[in-house]
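Breakdown of the fold
The residues making up each chain are set out below.
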Amino acid sequence: MLLRIAFFVDSILSFGRDGKFQMERCHVTIIDPIYDALTAPGTPFEIREQGGMRQFVNAPADVNLLAETARRHGDKVFVVEGDRRLTFNQFFALRDALVPAIEIDRGDRVAICMRNRIEWMVAFLAVARANGVSALINSRGSPEELCTAIEGVSPRLVLADPERAALLRRGGVAGQILETGEFPTSGATLADFESAKPDDPCTILFTSGTTGQVKGAVLTHRNLINGLMSVQMTGMMVLHDTAAKLNIPVEQILANLPQQAALLISPLFHISGLGASFLSPLCAGSKLVMMRRWNAADATRLIESERITAFSGVPTMMWDMLNGARETGADLSSLRNIASGGQALPVALLDDIRAACPGAVMGTGYGMTETSGSVSMAVGEDFIRNRAAAGRVLSLVDMRIEGPDGEELLPGEAGEIVVRGPVVMKGYWKNKEETDKILSPDGWLKTGDVGYVDDEGYVFIVDRKKDMVISGGENIYCAEVERIIGAMDDISECAAFGIPDKRLGELLVAVIVQRGDYSESDIIKAVGENLAKYKAPGHVAFLDEPLPRNDVGKVDKNELRARWPQISGAR
């Protein structure tokens, strides 16, 4: 999938480096003075081969130590949520009070089950400080999905907002549930917890797959930190390049930059929300303005009133934002960097964004939960000159393209994308069978995506090997939708797949063969009640004949997709 990414140094002004690249196993080594200077021995971004892969050797040992660097921003405003405005000092005071209150031992799991809110971020950093492992629950899931995910990790404690806490108690979740209103606010003393080790698990993020069953990707402190620092180094390269073009010292630019402000839209239980939308701007001293749910009118209002400089969203949101700004005359001039992903960015949309926000730098990237975020990225002119690509392979990542028999293909040849590096997950929580399917003993991860890498290191996504639809930036695995529909009485066959949609990118639809008398609304309601509502199909068609199948007996979704205009009206 294309991953939503954002770039936070303290600002990004322009990007114009014509980098030279050297291909080595489809891994790109950038050969230019900026890269050499930033990664030289003794620098914060020094890169060295360790354990058979490149790593940032001066990286903090754990996520808590990385987060602690944000304390230096003191009385600057860190987060805005409705009428609440907290400085960095106030935010860390809440975090410090919660650490001893959660009373966990090293390695204990703590489930975080709440919508985007200040307490979510406080909870995540408190668990990291206490050397626990945070299990990030999809707060949009159905009660059954919430309970299944929580019970699967056997947490010592659940931190939840009142809405989710009520659902969990009704679902029979055993154990302690601490609600946000019960979080301590003062009077606590931060205990002296020892630091975590780099390869200790830090968090578990849940992802589905072609089986439709949820799996928990275990990311270590090393995984998250190397992923975050890769994004930070990309931003620093842009900043150094800008300084060189303007003939101004980098230090002078940094000293005169105002605080940056980012609109936080992505769910924090997604890797893009956790990394690019929360931890990265936290470390950069940016202001985060939170939105509870996407609304174009609210977004343009906040961009104007809070002087938002960084916007990261899926194409659906960008269409809405631009159309809303045209209708209301909202001022988007404060935007300085815009990142898109979740699905390919239409050329017409890109042109519209550039016209509406001529001073903004744009970027994109590709990655997945199992790789702690991006494995490729492109920013500014580097992105614009090859807008069909999903960025260039990042410095810490080895990438190769494999053919059907596992053979390594040459640049330009399409096959499955396989990656290795310090950002690759430890494995799936207590699921060795699924881990072994995609992660080799020497660390190569099969992404399930089909693509190729050109001779400049640009990554192109051709298709998804996984049967997944990306609708409005949300991943919907067809197998889990089919599992719900197929379990209904009198359903003979069913198939779910995506069709093009201008606003959503893809719209999930379903074709059903039944012996009963279900209506379209019956099917949509059943899926919405058993899974997150956004996973329900937008339209359902019914056939009186068996679904078409290919030579190996699998349902031929390509044929169904081609026939959709005709069968969508059939009954």
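Of note, the phi angle at E103 is positive, near 50°, even though the residue is not glycine. Phi is positive for D490, which is not a glycine, with a value near 70°. Structurally, the position occupied by D490 is in the loop between helix 15 (478-486) and strand 27 (491-501).

Moving on, we come to helix 10 (residues 296-305). Among all positions of helix 10, only A296, A299, T300, L302 and I303 are buried. Down the axis of helix 10, the buried set is contained in an arc of 165°. They therefore lie on one face. Among the exposed residues of helix 10, those pointing more than 90 degrees away from its buried face are A297 and S305. The secondary structure elements touched by the buried residues of helix 10 are strand 13 (261-264), strand 14 (287-290), strand 15 (310-313) and helix 11 (315-328). Capping of helix 10 at its N-terminal end is provided by N295; its side-chain oxygen lies 3.1 Å from the backbone amide nitrogen of A297. Of the residues one or two after helix 10, R307 is the one with positive phi, at around 55°.

It is worth spelling out the packing of helix 10 against helix 11 at this point. Their axes nearest at 9 Å, the elements helix 10 and helix 11 cross at an angle of 70°. Here helix 11 runs roughly perpendicular to helix 10, going by the angle between their axes. Contacts between helix 10 and helix 11 involve A296, T300 and I303 from the former and D320, M321 and A325 from the latter. Classifying every residue of the contact of helix 10 with helix 11 by side-chain character gives four nonpolar, one polar and one charged.

Across all of its chains, the model carries 39 salt bridges by this definition. The shortest N-O distance in the salt bridge between D96 and R95 comes to 3.0 Å. Here E179 and R169 are joined by a salt bridge, their closest N and O atoms 2.9 Å apart. Here R169 lies in helix 6 (residues 162-170) and E179 lies in strand 10 (residues 176-179), a separation of 10 residues in the sequence. Overall, the relative accessible area of 18% leaves E179 in the buried class. Of the residues examined, R169 reaches a relative accessible area of 43% and is grouped as partly exposed. One continuous salt-bridge network, built from bridges that share partners, spans E81, R84, R115, R117 and E119.

About the thresholds
- Residues numbered from 1 in each chain as written.
- Predicted model: local features only at pLDDT ≥ 70, side-chain atom pairs only at ≥ 80, totals over all residues.
- Heavy atoms only, no water.
- Helix = DSSP H or I, 4+ residues; strand = E, 2+ residues; numbered from the N terminus.
- Buried < 20%, exposed > 50% of the residue type's maximum accessible area, 1.4 Å probe, protein only.
- Arc of directions from axis to C-beta.
- Contact = heavy atoms within 4.5 Å.
- Polar contact = N/O pair within 3.5 Å; in protein donor to acceptor, adjacent residues only side chain to side chain.
- Axes fitted to C-alpha atoms, helices over the stretch in contact; angles between N-to-C directions.
- Parallel < 35°, antiparallel > 145°, perpendicular 65-115°, else oblique.
- Nonpolar A, V, L, I, M, F, W, Y, C, P; charged D, E, K, R; others polar.
- Salt bridge = Lys/Arg side-chain N within 4 Å of Asp/Glu carboxyl O.

Read these as spatial facts, not as claims about activity.
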